[in-house]
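# Working through the structure, step by step
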Number of protein chains: 2
Amino acid sequence: MSYEKTELNTVKRGGHKARYDKMLIHEILDAVEVCHVAFNIEGRAQVQPVNFGRSGETLYIHGSPKNRMTRALIESGEACLSVMILDSMKLTRSAFHHSVNFRSVVVFGRVEELKSDEQKVEGLKTIINHFVPGRWEHCRPPTKKELKATRVIAIHIESASAKVADGEPTDEREDYDSGYWAGVIPVTTVYGYPRADSRLKPGLSLPGHVLDFYRAKNKKS
Amino acid sequence: MSYEKTELNTVKRGGHKARYDKMLIHEILDAVEVCHVAFNIEGRAQVQPVNFGRSGETLYIHGSPKNRMTRALIESGEACLSVMILDSMKLTRSAFHHSVNFRSVVVFGRVEELKSDEQKVEGLKTIINHFVPGRWEHCRPPTKKELKATRVIAIHIESASAKVADGEPTDEREDYDSGYWAGVIPVTTVYGYPRADSRLKPGLSLPGHVLDFYRAKNKKS
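Here is a short report on the structure shown in this document. Keep in mind that what you see is a predicted model, and the values were worked out from it rather than measured.

Let us now look at the relation of the copies chain B and chain A. Turning chain B through 180° and shifting it by 0.0 Å along the axis lays it on chain A, with an RMSD of 0.0 Å. Given the turn and translation reported, the copies of this chain are related as if by a two-fold rotation axis. Across chain B, the smallest distance between a C-alpha and the rotation axis is recorded for B:Thr189, namely 2.3 Å. Most of the interface of chain B is mirrored in chain A, where 100% of its interface residues again form contacts.

So, in structure tokens, the structure goes:
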């Protein structure tokens, strides 16, 4: 299953890196905690990093009811966001061919403000379980007052694309003999062992879902 | 020295995390390889990840002359970009208080397209040396043809802000006794040991500037 290629999501530059496969795009989105969301304030394009969650073809973000970004997104009715995972830095013999191996996604979606407490809870649950799978069942759910202090919006994916670069450094043929060093610096995001809060209630041990998260992130691929 | 607080860059939400100190903002920008740039295409706000470089109060990005993002930025004359470094995930007893420790920057700037070869080389040099300090002196500079195939734009910082969160998980007083586990999962970006290209010219050893980069990234702070 792939996202349909439209004027909006078709990768124009570096087309050989373009991917439209839904499973791959979901996998990249699920691997990260933070996305960067574009929005317009008085016609000026702005961008902010924000936590998010994904469930199927819907992404959720949340903020204070006074948050300008979520308000701007609701007003425009549409959203574009991107995520990027840097996998390595490629140092080539020529300045021109320096590049990175990476996995990125750009999503275009329709914005819906979630109004009922049930909808908001569903969105927040998705965000918390995106953060650490299974977490929602192991923390106190929001009170009415907390829900009132939270704006939750759904971004229904209408279109998306990924770019994936995963190759060796490449130079012009005539540069290979030039005497300049070339190589790769791998870059990895490392999740350390979970550390209990200093004010933890005595007798509580590390829960299984947190240990599972740590192990999944540190599984050799 | 700080960036002046204006309508544009003043952090409205989470104001206690806001920082306007230039040195801190430069430090966060210099710690990362990739930023996310907002731009408008037919009134629709979009965002894309892109490599960049910083020299003083100017950021540089580059792309193909056909690149829609750089074209849109030149047309609008202004740019907004953000970077975010995730330092840890904070798991709290309540769903509501889950958060992250992070360092982020949002920059607003005036866009200038660099037209002369001299200006373009200066921009590209900044990008390459932002990637790996000292790299420019150790690779082949761009040819006339390569420069022609590259659009380089300068973003002169007019306004910027950082947000920094670096605290312990915090819960409502009544939740501390609840029996839910709370804690922190540290997140680190690790730069591995540089690996030579398989087609490296025999006899070339790892250059000092690459080793220095590796050591600087792995220095215990």
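The discussion continues.
Next up on the list: helix α5 (residues 208-217) of chain B. The complete set of buried residues in α5(B) reads B:His209, B:Val210 and B:Phe213. All buried residues of α5(B) project into a common sector of 105° when viewed along the axis, lining one side. Buried residues belonging to α5(B) abut β6 (78-91) and β9 (183-191) of chain A together with α3 (117-131) and β9 (183-191) of chain B.

This part takes up the environment of A:Lys148. Residue and element names in this part refer to chain A. Counting through the fold element by element, Lys148 comes out in helix α4 (residues 144-148). Judged by relative accessible area, Lys148 falls into the exposed class, the value being 70%. Residues Lys148 and Leu200, spaced 52 residues apart in sequence, show a C-alpha to C-alpha distance of 28 Å. In this structure, Lys148 is in contact with Pro65 and Lys120, ignoring residues within four places of it in sequence.

On to the pattern of salt bridges, then. In total, this model carries 24 salt bridges over all chains according to the counting rule given. Between B:Arg93 and A:Asp197 there is a salt bridge, and its shortest N-O distance comes to 2.9 Å. Here B:Arg93 is found in the loop between β6 (78-91) and β7 (99-114), whereas its partner A:Asp197 is found in the loop between β10 (195-196) and α5 (208-217) on a different chain. Considered together, B:Arg93 and A:Asp197 belong to a single accessibility category, that of buried residues. The structure contains a network of salt bridges with shared partners spanning A:Arg93, A:Asp171 and B:Asp197.

Tracing the backbone through its elements, the reader meets B:Arg44 in strand β3 (residues 44-51). A distance of 3.4 Å separates a polar atom in the side chain of B:Arg44 from a polar atom in the side chain of A:Glu78.

Conventions used here
- Throughout, a residue's number is its position along its own chain's written sequence, starting from 1.
- Chain labels run from A onward and ligand labels from 1 onward, assigned in the order the entries are written.
- The predicted origin of the model limits local features to residues at a pLDDT of at least 70 and limits the giving and counting of side-chain atom pairs to 80 or more, whereas totals for whole chains, interfaces and linings rest on all residues.
- Hydrogens are left out, water is left out, and the side-chain values use all remaining heavy atoms of the structure.
- Fitting of the copies onto one another was done by least squares over C-alpha atoms, counting residues only where both copies have pLDDT of at least 70.
- We call two residues in contact when some of their heavy atoms are within 4.5 Å.
- Only protein chains enter the calculation, and the probe is 1.4 Å; a residue is then buried if its accessible area is under 20% of its type maximum, exposed if over 50%, and partly exposed in between.
- Secondary structure elements follow DSSP: runs of H or I no shorter than four residues count as helices, runs of E no shorter than two count as strands, and numbering proceeds from the N terminus.
- To obtain the arc, one takes the directions from the helix axis to the C-beta atoms.
- Should a side-chain nitrogen of Lys or Arg be within 4 Å of a carboxyl oxygen of Asp or Glu, the pair is scored as a salt bridge.
- The term polar contact refers here to a pair of N or O atoms within 3.5 Å; inside protein, the definition further demands a hydrogen-donor-capable atom paired with an acceptor-capable atom, and it admits residues adjacent in sequence only when both atoms are side-chain atoms.

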